[in-house]
Amino acid sequence: MREFPLDELLAATSVKKVEHSLNLIFNHLNKKLRICSYPIRRALPLVEAISGDLDTRLHALLHGQSLMHLAYAEFETIIALADGVWRTWDENVKEFTNVARDVTRKRNEKFIPIKIKPRHGKTQDRLKYISNFRTNHEQLQRTIVNVLGPDQRPKRFAGGQGNSTGAFVAVEVGDFDAIEAVSQAYAALRDVDVLDVSPEGTQIW
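All values derive from a computational prediction rather than experimental measurement. (Residues numbered from 1 in each chain as written. Predicted model: local features only at pLDDT ≥ 70, side-chain atom pairs only at ≥ 80, totals over all residues. Heavy atoms only, no water.)

1. Re the overall build of the chain
- Across its full length, the chain holds 8 helices and 0 strands.
- Starting at the N terminus and ending at the C terminus, the chain contains elements arranged as α-α-α-α-α-α-α-α.
- Taking all 205 residues of the chain together, the buried fraction comes to 42%.
- When contacts within the chain are restricted to residue pairs at least 6 apart in sequence, those whose partners lie at least 24 apart make up 73%.
- Counting every atom, the chain has about 11,800 Å² of accessible surface; 50% of that belongs to carbon and sulfur. (Helix = DSSP H or I, 4+ residues; strand = E, 2+ residues; numbered from the N terminus. Buried < 20%, exposed > 50% of the residue type's maximum accessible area, 1.4 Å probe, protein only. Contact = heavy atoms within 4.5 Å. Areas by Shrake-Rupley, 256 points an atom, 1.4 Å probe, with all protein chains shown as cover.)

Structure, rendered in structure tokens:
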């Protein structure tokens, strides 16, 4: 496994480069499995270790605390890039599984289940949850704006399409300040590391 391009992943400076590195890594791995006798049994934990490195690199690039400060349009871009990484991972693992089974059959080796337990699974689930949360929050804010009408629209919303600090001008609807209530609910999560998937971080989230 010399020249294994793992450094491409470890040194990736953007989410897009992380996606590109996965293609390089799996292309190299699948090629080696076809032309040399690297044991499939050892390749399985190797792929899971790659998943662990993927998880670590994404945490370094995405910064859990900053995700809630991003303007919604920028946040959507980040989520789209992350989704591209998940799709690339799934496609490459599918191809790896096919290669591993084919190689096992050709080598007449004892059958072993080709199953990969990705170590980035909790991060993927958390990003999906955060994406749904911010999408619902954005839709709620827009609904409030539409109800208020154009003459009463606030200048900015927390977590919405205003500035990333979430500054806003409150507008009262009867005796209840709907915008302030929504913004305060969002502010409670703004400084939380939403990508902390440890038991302690999950409890805080």
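Right, picking up where we left off after that structure.
2. Describing the packing of helix α3 (residues 40-62) against helix α5 (residues 72-106)
- Where α3 meets α5, the axes come as close as 12 Å, and the angle between the chain directions of the two elements is 175°. Between α3 and α5, the angle is such that the two are roughly antiparallel. Contact residues: α3 offers Ile-40, Ala-43, Leu-44, Val-47, Ile-50, Ser-51, Leu-54, Leu-58 and Leu-62, while α5 offers Ile-78, Val-85, Trp-86, Trp-89, Phe-96, Ala-100, Val-103 and Thr-104.
- Tallied by class, the residues present in the contact of α3 with α5 amount to 15 nonpolar, 2 polar and no charged. (Axes fitted to C-alpha atoms, helices over the stretch in contact; angles between N-to-C directions. Parallel < 35°, antiparallel > 145°, perpendicular 65-115°, else oblique. Nonpolar A, V, L, I, M, F, W, Y, C, P; charged D, E, K, R; others polar.)

3. Notes on the packing of aromatic side chains
- A complete count under the given rule lists 2 aromatic pairs for this structure.
- When the centroid spacing of 5.4 Å and the interplanar angle of 80° are considered together, the rings of Phe-26 and Trp-89 count as edge-to-face. With Phe-26 in helix α2 (residues 15-35) and Trp-89 in helix α5, this pair connects stretches of sequence that are 63 residues apart. Assigned by exposure class, Phe-26 and Trp-89 land together as buried.
- Cation over ring: Arg-134 sits above Phe-75, and NZ or CZ is 4.7 Å from the ring centre. (Phe/Tyr/Trp six-rings, centres within 6.5 Å; stacked < 30°, edge-to-face > 60°. Lys NZ or Arg CZ within 6 Å of the ring centre and 35° of its normal.)

4. Quick notes on the environment of Leu-29
- Position of Leu-29 among the secondary structure elements: in helix α2.
- As for Leu-29 and Phe-96, which are separated by 67 residues in sequence, their C-alpha atoms are 8.1 Å apart.

5. Quick notes on the confidence of the model for the chain
- The share of residues in the chain with pLDDT of 70 or more is 83%, and the mean pLDDT across the chain is 84.
- Note that pLDDT drops below 50 for residues 153-158; the model gives that stretch 25 contacts with residues more than four away or on any other chain.
- Scored below 50 in pLDDT, residues 161-176 makes 32 contacts in the model with residues more than four places away or belonging to other chains. (pLDDT = per-residue confidence, 0-100.)

6. A closer look at the nonpolar core
- Within the largest apolar cluster, 43 residues are counted, with the highest numbers of intra-cluster contacts made by Leu-33, Leu-54, Val-85, Trp-89, Phe-96 and Leu-127.
- Residue assignment for this core shows that the elements contributing at least two residues are α2, α3, α5, α6 (121-148) and α7 (178-190).
- The dominant element in this core, judged by the number of residues it contributes, is α5, at 12 residues.
- Contacts of Leu-54, omitting those with residues within four sequence positions, involve Leu-9, Val-18, Leu-22, Val-85, Trp-86, Trp-89 and His-120. (Core = buried A, V, L, I, M, F, W, Y, C linked by side-chain atoms within 4.5 Å.)

7. So, the pattern of salt bridges
- A complete count under the given rule lists 6 salt bridges for this structure.
- For Glu-95, the salt bridge goes to Arg-34, with nearest N and O atoms at 3.3 Å. On the criterion of sequence distance, the pair formed by Glu-95 in helix α5 and Arg-34 in helix α2 is long-range, its members being 61 residues apart.
- Judged by relative accessible area, Glu-95 falls into the partly exposed class, the value being 35%.
- Here Arg-34 falls in the exposed class, since its relative accessible area comes to 52%.
- It is possible to trace a salt-bridge network through shared partners that takes in Asp-102, Arg-105 and Lys-106. (Salt bridge = Lys/Arg side-chain N within 4 Å of Asp/Glu carboxyl O.)

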